[in-house]
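In case you want the letters, here they are:
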Amino acid sequence: MNNNADKGLQGNEKIEEAIAGLQKETTQEMLAHTLTVIRRCMKADGQFIIAVEPPKGDGQIRLEAIKTEDGRSWWAAFTSFEEELKGGGSVKSTFLTDIDRLFETALTTEGIEGVILNAWNRTIMLDKYLIKVILGKNI
């Protein structure tokens, strides 16, 4: 284990492994396993890395959104700095955020479909339904 890693990111490699397994075998069982791994990391006070956009005239900092080909907007979050850097592109301001806080905010934000985890490599798109499953909310 990398002792230099932020404490909140420790254990996130299990999420990356679960997503890799889901990419190899796209079944309901593997999806359920992946969601369970994300929930366990969340309950262990796990964190994700989020990129933020510079404030526009109103002084508000906004999470960076990714637009998919269908025109829908998703927040991007990463399990590790290695995953975040795979996107290349410009240097972004990043912060650590609690997984549960990010998910709760995504559920209540208009115009956001959910969270894309590791948008460049070990990717899973968590729409609001899957976020509710992870949070254990009644669906």
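Before reading on, note that the structure itself is shown above.
Now for a quick tour of the structure. If you're wondering where the values come from, they're calculated on a predicted model, not measured in any experiment.

**Considerations on the overall build of the chain**
Tallying secondary structure elements over the chain gives five helices and seven strands in all. Going residue by residue from the N terminus, the α and β elements of the chain occur as α-α-β-β-β-β-α-β-α-β-β-α. The C-alpha atoms of the chain give 15 Å as radius of gyration, which agrees with the globular expectation for 139 residues (14 Å, within 12%). For the chain, the C-alpha atoms occupy an extent of roughly 45 × 40 × 30 Å along the three principal directions. Of all intrachain contacts in the chain linking residues separated by at least 6 positions in sequence, the fraction that spans at least 24 positions is 67%.

**So, the pairing of strand β7 (residues 124–127)**
A one-sided burial pattern is seen for β7, the buried positions being Ile124 and Leu126 and the unburied ones Met125 and Asp127. Summarising the sheet, strand β6 (residues 112–117) and β7 pair through four bridges and their orientation is antiparallel. Bridged to leucine 117 within β7 is isoleucine 124.

**A short note on the nonpolar core**
One finds Phe48, Phe103 and Leu126 to be the most contacted residues of the largest nonpolar core, which totals 30 residues. Where this core is concerned, the elements lending two or more residues are α1 (12–24), α2 (28–43), β1 (47–53), β4 (73–78), α4 (99–108), β6, β7 and α5 (128–135). Per-element accounting of this core gives the leading share, six residues, to α2.

**Remarks on the pattern of salt bridges**
One pass over the full model with this rule turns up five salt bridges. Here aspartate 70 and arginine 72 are joined by a salt bridge, their closest N and O atoms 2.9 Å apart. Residue classification places arginine 72 among the partly exposed positions, given a relative accessible area of 37%. Close ionic contact of glutamate 104 with lysine 137 constitutes a salt bridge, the shortest N to O distance being 3.4 Å.

**Quick word on α2**
Because the α-helix completes a turn every 3.6 residues, residues three or four places apart line up on one side. With 16 residues, α2 ought to run about 22 Å at 1.5 Å a step, and its terminal C-alpha atoms sit 22 Å apart, in line with that. Within α2 the residues assigned to the buried category are Met30, Thr34, Leu35, Val37, Ile38, Cys41 and Met42. Taken around the axis of α2, the buried residues stretch over an arc of 155 degrees, which confines them to a single face. Exposed side of α2, more than 90 degrees from the buried face: Gln28, Glu29, Arg40 and Lys43 are the residues found there.

Rules and cut-offs
Residues numbered from 1 in each chain as written. Predicted model: local features only at pLDDT ≥ 70, side-chain atom pairs only at ≥ 80, totals over all residues. Heavy atoms only, no water. Helix = DSSP H or I, 4+ residues; strand = E, 2+ residues; numbered from the N terminus. Rg over C-alpha atoms; globule rule 2.2 N^0.38 Å. Contact = heavy atoms within 4.5 Å. Buried < 20%, exposed > 50% of the residue type's maximum accessible area, 1.4 Å probe, protein only. Pairing = 2+ DSSP bridges. Core = buried A, V, L, I, M, F, W, Y, C linked by side-chain atoms within 4.5 Å. Salt bridge = Lys/Arg side-chain N within 4 Å of Asp/Glu carboxyl O. Expected span 1.5 Å × (residues − 1). Arc of directions from axis to C-beta.

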